[in-house]
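Structural overview for review
Chain by chain, the residues run as shown.
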Amino acid sequence: MLGFSGPLLLSLLVGFLEEGQEPLSNGLLYALGLAGGAVLGAVLQNQYGYEIRKVTLQARGAVLNILYRKALQLGPRRPPAGEALNLLGTDSERLLNFAGSFHEAWGLPLQLAITLYLLHQQVGVAFVGGLILALLLVPVNKVIATRIMASNQEMLQHKDARVKLMTELLSGVRVIKFFGWEQALGARVEACRAQELGRLRVIKYLDAACVYLWAALPVVISIVIFITYVLMGHQLTATKVFTALALVRLLILPLNNFPWVINGLLEAKVSLDRIQRFLDLPSHSPQVYYSPDPPTEPSTALELHEALFSWDPVGTSQEIFINHLEVKKGVLVGIVGKVGCGKSSLLAAVAGELHRLRGRVAVWGLSKGFGLATQEPWIQFATIRDNILFGKTFDAQLYKEVIEACALTDDLHILPAGDQTEVGEKGVTLSGGQRARIALARAIYQEKELYLLDDPLAAVDADVASHLLHRCILGVLSHTTRLLCTHRTEYLEKADLVLLMEAGRLLRAAAVQSVGNLEKTKERLEVEEKTCGHVLQEESKKEGAVALHVYRAYLRAVGLGLALAILLSLLLMQGTRNAADWWLSHWISQLKANKNNSQEMPAPTNPGSTGLLSAQLLLFSSGNLYTSVFPLPKTASNGSSDIRFYLTVYATIAGVNSFCTFLRAVLFAAGTLQAAATLHRRLLCRVLMAPVTFFDSTPAGQVLNRFSSDVACADDSLPFTLNILLANAAGLLGLLAVLGSGLPWLLLLLPALSVLYYRVQRHYRASSRELRRLSSLTLSPLYTHLADTLAGLPVLRAAGATSRFEEENQRLLELNQRCQFAASATMQWLDIRLQLMGATVVSAIAGIALVQHQQGLTNPGLVGLSLSYALSLTGLLSGLVSSFTQTETMLVSVERLEEYSCDLPQEPQGQLPRLGIGWLTQGSVEFQDVVLVYRPGLPNALDGVTFRVQPGEKLGIVGRTGSGKSSLLLVLFRLLEPSSGRVLLDGVDTSQLELAELRSQLAIIPQEPFLFSGTVRENLDPQGLHEDRALWQALEQCHLSEVIVSLGGLDGELGEGGRSLSLGQRQLLCLARALLTDAKILCIDEATASVDQKTDQLLQQTICKRFANKTVLTIAHRLNTILNSDRILVLQAGRVVELDSPAALRSQPHSLFQQLLQSSQQGSQSSR
C-alpha cells in the first residue's frame, strides 16, 4: 500500500507548486511524507523478500530429499540417469519459483484495482480508454503464455534426451575413440540440441512479443488517456498529467509482471507434474515382495515356489519362472546356461530387483540383507579401502583376511598409495579384474548369510580365478549360502547343486558334470599398476570478478553486428520514450504560459527572447533550447488547432517508440539464440576432441553439470537477466538526462551518490559472485552422488546401506543450501541499502523543488516530470545492481563453458597431407622402441617395445596382469601418445596421420561392450555406411539374428546402455560391429569372456573365416584361444620377453609362456 503514497503525495506536491496558494508547511509535510513512505516501504519489502527466500530454501531441501529417497526405492524399471539429474537440477528449481509467484498472483490484481481507482480520481472517465487497451492485451497474453508453456514441455523432453545421450557418450568415450565415432555421435547430440533450440526459438520469440507488448503499453496507455481527456473538453494541468504518468507506471508493473507470474506458476506446474510422475513410479518394497514367513524348513536358506518374475510390472519383457527351488543353508549352488538364458535375472529375482508377478519368495534372515557381487562391478569414487569397508567399521583382522581371499594383496603393493589409492569414477583407473575383485571383497566384508555372486570369475585370469574359488568362495565364505553364476563349468565340481537355466525357465540338474577345460578371463583396457594414488581432478573455481574475456566471448557468440544493432535499438527506444514525456511537460508549461500571457503576449518561442543570463534560463535552459527545435505556432488562448498539433507530435513520438521497442525485442531474441547455439556447439566439439586421460581424471558429473545446468543457464536465465539489465541501464540514462534538465541542482548530489552506490555494489558483487561459484561447486557432488546411487542401487539395497547414502546426500545438500542461503541474504543486504539511497534522492528532489518554489523559480511541468521520474529511481537503481550482479553470476556459467571450450587439452592431429581411403593396403604393424608413461613419476608401462607383425599374420599377446598388453592397443590407436619410439603401419609413421584416418583403418573388439540407447542399426553402424543386408549378415555370423528379430529388427530399441540384452549378447553385438569394418588390422581384447563355450567356439570360427587374410592381434588370458596363432608375443613389465610360434615356445621348458600355460591348466585341474 505504501507504494501508492508516492503518486498521491506527488500529486499534492505538484499541485502545491503549481497553485502556490497553500502555506509552506503543507509543502514540507508532503515532502516528508514522500521520504517516509519510501523508507518504510523499503524495509517491509526487504523483510518480505528475506522470508520468501527462507521458505523457498526449506521447500528445496524437502523436494531434493524426497527425490533422493524415491531414487533409493525405485523398482526395476528405472528412468535414465539423465532424466533423474534433470529433475534434481532444472525441475526442482522451477518448482521453487512458485513461492514468489504465488503471493504476486493475488498481490498484483489488488495493486491493479487500487491504481485504477486512483487514476479515476485524477482523470475521471478518461482512464477507461487506457484500461480497455490494457484488458485487450490480457487474452493475447494468455494465448502467448499457453504456447510458451507447450513449447517449454517439448524443450525439456529434448533436453532430457540430450543429457541422456551425453551421459552415455561419456561412459563409452574409449570405445567411441577406438572406432572414430566422435563426429557421428556428436551429430546425434547436435540433432537433439537443434530440436531443443527449435522449441527455445519459439519460446524466445513469443517472449519477445510479450516484452514488446508490455514495453510499448505505458506510452500507448498515456496517449489514449490524455487524448480522451482532452477530447472530452477538459484542461490538462501539470498535477493531473504527472500524477497520471506516475500511476500509469505503477499500473504497468503489475500488468508487466503478471504474464511472468502466470508463466512461473505454469512452469512450476509442469515441473511438479514431472516430479510427481517420478514419485509415482513403482517402488521396491521388500515387505510386499518377500513372504512374511521364513522358509518352511528351518534348515532352508531360500525357497521359491511357483514364482514368476519380470523386469516390468505388466510382464512384457522376458519372464523368469521358477517352479520350485529350495536351497539349504551353507551350500554352494552353481547356475549355468547359455547367453541370455536368465542367470543374472534369477539372482536379481532373489535380491528383489525384479517384479514378482505371482508365487512365493521366502528368505531366511531377510533383515540382514545379502552379499551381492554384480556382473558389471559397481565401484564408488573413493579410496579402495572405503570401497571395501562400504560404511562398516574397520576391523584389521577381517580386512586382512578379505584382501588375501580376494587376491588383492599383490595389487595393493603395486598401487602407489596401497589401499588409500583413489579409484576414478566407476573405477576407471582399475583393470576389469581388479574391479571385480574389489566388488567381491566389499560383499565379503559385509559378512552376510546369503551371497549372490554373478560371475565374479569372468574377469580374472586362470590362477587368480582358482585362488578366488578356493580361498574365497570355498574358503572365507564356506559357512554361508552361495549362489554362483558362471560360464566356467570346470569350477562347478565343488558345487552342492547345479541349476541349469534356459530361456528364463529352470531345468534343474543336481548332478555336476565336467564340461571340458576352459578358462574364462578378461582384463581391463587400462594397465593395473599404472594408476597414481590421487586421480580426482578437483573442479576448478575461478576467483574475483568475471574476467573481461568472458564478456567478450559472449559478445562474439552473439555476433558483433547483432550486438551493435541491439544497443542502437535500445537507445532509440529509451530516447523516444523520454522525448514523449518531455513533450508533455513542455506542452503543460506552454499552457500555463498561455494562461498567464494570453492578454499580454504570445509565449516565447526562440532562445533569444529571454535575457541570456536570467535565472530561469540557467535552471531550465533545456526547456527553452528545445523549443526552437520544434517551431511552434503562435498559440491562441486555447485553440483546437493548438491541441491537435501537440497531440499529433505526441502520438508520432509514441509511434516511433513503439517501433524501436519492437525492433529491440526481436533483435535481442535473435542474438541470445545465436549465442546459445554457438556456446553449446563449441563446448561439444572441444569435449569430443579431448584425450582419454581427461575423461579418466574428470568425474562425469562435472562434465554433465556443464552440459545441463550451465547450458540451461546460457539458454534461458542469462538472456532473461541480461534483458532486464539492458532495459535498466537505458532507463537510468534516460532518467538522469531528464532529472538533469529539470532540476540541475540535483546534479550536485550525483557524485556523492555515485561513489556510495559504486562502493555498495562492489562490496556486494564480490561476495555474491563467490557464493554463486560455491553454489555451482557444491552442486556437482550432489549430481555425482545421485548418478552413483542410481548405478549401484542393487548393491546398496542388498548391503542395507540406503540410510547411510541418504545421510550423505543430506550432508551434501546441507552444504549447497548454506551457499544458497548466504547468497540470498547478501541480496537482501544490498536491496535495503539501495532502497534507502533511492528514498534520499526523492527527498532531495522534493526539497530542492520547495526551495526553488520559494525563490519563485519553479516550472511545475519540469519539476513534476522530474519527481514522477525520481519515484522510479529507487527501483531502477536496485534493479540495475541486482540485474548486473545476476547477469554476472549467470555469466559464471558462460565462464565455465568457455573454460572447457578454450582450455581443454586436445588430441594431437597429424602433419601428413591426407592419404586417401585405401592407404593401408598390406596390414603390417611395427613397433620401434616404444616407451609409454601414463604420468610423470610412474614406471614405464611400455619399456622399449620392439616387434614387427607381417601382413595377414595372427599374433597372440599374453602376459600376467599389468604386463602392458592393453597399453599396446592404446598406443596403436593413439589413445595415448608414446613418450618415445614410433609405430609404423605399412611403413607409415602413425604419429604423422590424422586420427580419423588412422582409426578408420583399424578395428577393435573391446573388452567392455559399449552400447548406447537407440536402435540396433544406430549401434551397429552409427555413421550409416552400410546397407541393411550387410547388417543382417553380420548379425547372422554372430548368432544374434533371432534375438534382434525378437526385439523388433534393426529398428528395435536397445534401451539405455543396451539393457534389453544380456552382457554376453552385448559382447556379440560389439563383435558384429568389427565384422562390418573393412579394416586390414583387427585387435581383439579378450572379447568373449561373458559368452558360453559353445557360442565361443562358433565365434572363433567366424573370426578365423572372416579375417583370414587380415592381420589379427589378440590379447588373451585363456591361452587355448590363441594356441592356433602364427606367433605369440609374451610381455613382462612392459618389455617383450618372448616372441615365437606357439610350438617353439612350448618346446622350451623354461619359457614364460610354458609357465603361464601350466598354471592355467593346473588352475582348471585343481578345481576338479
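Attention here is on the structure that accompanies the text. Predicted model, so just to flag it, every value in this text is computed and none were measured. (Residues numbered from 1 in each chain as written. Predicted model: local features only at pLDDT ≥ 70, side-chain atom pairs only at ≥ 80, totals over all residues. Heavy atoms only, no water.)

Points about the overall build of the protein
Counted only if it meets this: In this description a helix means any DSSP run of H or I spanning at least four residues, a strand means any run of E spanning at least two, and both kinds are numbered starting from the N terminus. Working rule for contacts: check all heavy atoms of both residues, and any pair within 4.5 Å makes them a contact. The accessible surface values rely on the Shrake-Rupley method and a 1.4 Å probe; as for residues, cover is taken only from the protein chains in view.
Each helix and strand in the protein was counted, giving 35 helices and 19 strands. Here the contacts in the protein between residues at least 6 apart in sequence split such that 83% fall between residues at least 24 apart. Carbon together with sulfur atoms contributes 60% to the accessible area of the protein, which is approximately 45,700 Å² in total.

Thoughts on the environment of A1143
Note the threshold: Any residue under 20% of the maximum accessible area for its type is buried, any over 50% is exposed, and the rest in between are partly exposed; the area is computed with a 1.4 Å probe on protein chains only.
Tracing the backbone shows A1143 in helix α34 (residues 1142-1147). In this structure A1143 comes out as exposed when scored by relative accessible area, which is 58%. Measuring from C-alpha to C-alpha, the distance between A1143 and D1126 comes to 9.6 Å, with 17 residues separating the pair along the chain.

Digging into the nonpolar core
As a reminder of what qualifies: Residues enter a nonpolar core if they are buried and are Ala, Val, Leu, Ile, Met, Phe, Trp, Tyr or Cys, with the set joined through side-chain atoms within 4.5 Å.
The biggest cluster of nonpolar side chains holds 249 residues, and the ones touching the most others in it are F309, F927 and L972. Counting 41 residues, the second-largest nonpolar core is a separate cluster that includes L332, I403, L415 and L492.

Concerning the environment of D1126
Mapped onto the elements of the fold, D1126 is located in the loop between β17 (1111-1115) and β18 (1127-1132). With 171 residues separating them along the chain, D1126 and L955 place their C-alpha atoms 6.1 Å apart. Setting aside its immediate chain neighbours within four residues, D1126 contacts G952, E953, K954, S1141 and P1142.

What to know about the sheet that holds strand β11 (residues 942-949)
Selection criterion: A pair of strands is considered paired only if DSSP assigns at least 2 bridges between the two. To define axes, lines are fitted to C-alpha atoms, for helices over the stretch in contact only, and angles between the resulting N-to-C directions are given on a 0 to 180 degree scale.
Taken together, the four strands give an open sheet; going across it, the order is β11-β10-β13-β14, and neighbouring strands pair in antiparallel fashion. Since the sheet does not close on itself, it has two edges, and those belong to β11 and β14 (988-989), each with one partner. Here two bridges tie strand β13 (residues 980-985) to β14, and the two strands are oriented antiparallel to one another. When the sheet's bridge partners are listed, L985 is paired in β14 with V988. Packing against the sheet, helix α27 (residues 965-972) makes contact with β10 (925-932), β11 and β13, and its axis sits at approximately 110° to β10.

Considerations on helix α30 (residues 1028-1037)
Under the convention used in this document: As used here, the arc is the angular range of directions from the helix axis to the C-beta atoms.
Within the span of α30, buried status applies to L1031, A1034 and L1035. In an axial view of α30, the angular spread of the buried residues amounts to 100°, which keeps them on one side of the axis. Following α30 by one or two positions, H1039 adopts a phi angle in the positive range, close to 60°.

Comments concerning the pairing of strand β1 (residues 300-310)
Burial analysis of β1 places nine of its eleven residues in the buried class, the great majority of the element. Relative to strand β2 (residues 319-328), β1 runs antiparallel, the two being bridged by nine bridges. Bridge pairing links L302 to V327 in β2.

With respect to the packing of aromatic side chains
Let me state the cut-off plainly: Any two of the Phe, Tyr and Trp rings considered here, Trp counted by its six-membered ring, make a pair once their centres fall within 6.5 Å; the pair's planes then place it as stacked at under 30 degrees, edge-to-face at over 60, or tilted in between.
Counted under the stated rule, the structure contains 19 aromatic pairs. When the centroid spacing of 6.2 Å and the interplanar angle of 55° are considered together, the rings of Y50 and F821 count as tilted. On the criterion of sequence distance, the pair formed by Y50 in helix α2 (residues 24-72) and F821 in helix α24 (residues 802-855) is long-range, its members being 771 residues apart. Between F98 and F102, the ring centres sit 5.7 Å apart and the planes meet at 35°, which makes this aromatic pair tilted. Of the two residues, F98 and F102 both sit in helix α4 (residues 98-123), four residues apart, roughly one turn of that helix.

Comments concerning the pairing of strand β6 (residues 450-454)
Our working definition: Orient the strands so they point away from the viewer, and a crossover whose first-strand-to-second-strand path over the helix runs clockwise is right-handed.
Counting buried residues in β6 gives five out of five residues, a clear majority hidden from the surface. Alternating residues of β6 divide into L450, L452 and D454 and Y451 and L453, and every residue in both groups is buried. As judged from the three bridges shared by strand β5 (residues 371-373) and β6, these two strands associate in the parallel manner. Paired with G371 across the strands is Y451, a residue of β6. With helix α15 (residues 462-476) bridging β6 and the parallel strand β7 (residues 481-485), this β-α-β connection has right-handed handedness.

Quick notes on the side chain of D160
Turning to its location among the elements, D160 is positioned in helix α5 (residues 127-171). With relative accessibility at 9%, the residue D160 sits in the buried group. Contact partners of D160, with chain neighbours within four places excluded, come to E83, N86 and R274.

Thoughts on the sheet that holds strand β15 (residues 1002-1005)
Here six strands make up an open sheet; going across it, the order is β15-β16-β17-β12-β18-β19 and the pairing mixed. In this open sheet, the two strands that pair with only one neighbour each are β15 and β19 (1135-1140). Shown here is a sheet whose adjacent strand axes are inclined to one another by a mean of 20°, direction ignored.

Comments concerning the pattern of salt bridges
Pairing between side chains of opposite charge can happen when their charged atoms approach one another. What counts is decided by this rule: The term salt bridge refers to a pairing of a side-chain nitrogen on Lys or Arg with a carboxyl oxygen on Asp or Glu at a separation within 4 Å.
Counted by the stated rule, this structure contains 43 salt bridges. Where R999 meets E182, a salt bridge forms, and the shortest distance between an N and an O atom there is 3.6 Å. Note that R999 is positioned in helix α28 (residues 995-1000) and E182 in helix α7 (residues 182-231), a separation of 817 residues in sequence. On the basis of relative accessibility, which here comes to 2%, the residue R999 falls in the buried class. In this structure E182 comes out as buried when scored by relative accessible area, which is 8%. R818 is the salt-bridge partner of E814, the closest N and O atoms lying 3.5 Å from each other. In this pair, E814 and R818 both sit in helix α24, four residues apart, roughly one turn of the helix.

Looking at the packing of α5 against helix α21 (residues 700-742)
Selection criterion: Note on angle classes: values under 35 degrees are labelled roughly parallel, values over 145 roughly antiparallel, values of 65 to 115 roughly perpendicular, and the remainder oblique. Take the far helix as your reference; a near helix turned counterclockwise from it by less than a right angle gives a left-handed crossing, and one turned clockwise gives a right-handed crossing. Any residue that is not Ala, Val, Leu, Ile, Met, Phe, Trp, Tyr, Cys, Pro, Asp, Glu, Lys or Arg is counted as polar, Gly included; the first ten are nonpolar and the last four charged.
Closest axis-to-axis distance for the α5/α21 pair is 10 Å, and the angle between their directions is 160°. Considering their axes alone, α5 and α21 lie roughly antiparallel with respect to each other. The interaxial crossing formed by α5 with α21 has right-handed handedness. When α5 is examined against α21, the residues K159, R162, V163, M166, T167 and L170 are found in contact with a partner set consisting of A700, V703, L704, F707, S708, V711 and A712. Split by residue class, the contact of α5 with α21 holds nine nonpolar, two polar and two charged.

Overview of the state of the cysteines
Short version of the rule: Cysteine sulfur atoms that come within 2.5 Å of each other are treated as a disulfide pair.
Within the structure shown, the criterion is met by zero disulfides. With no disulfide partner, C472 has as its closest neighbouring cysteine sulfur the one in C406, 4.4 Å distant.

Spatial relationships are all this shows, so hold off on functional conclusions.
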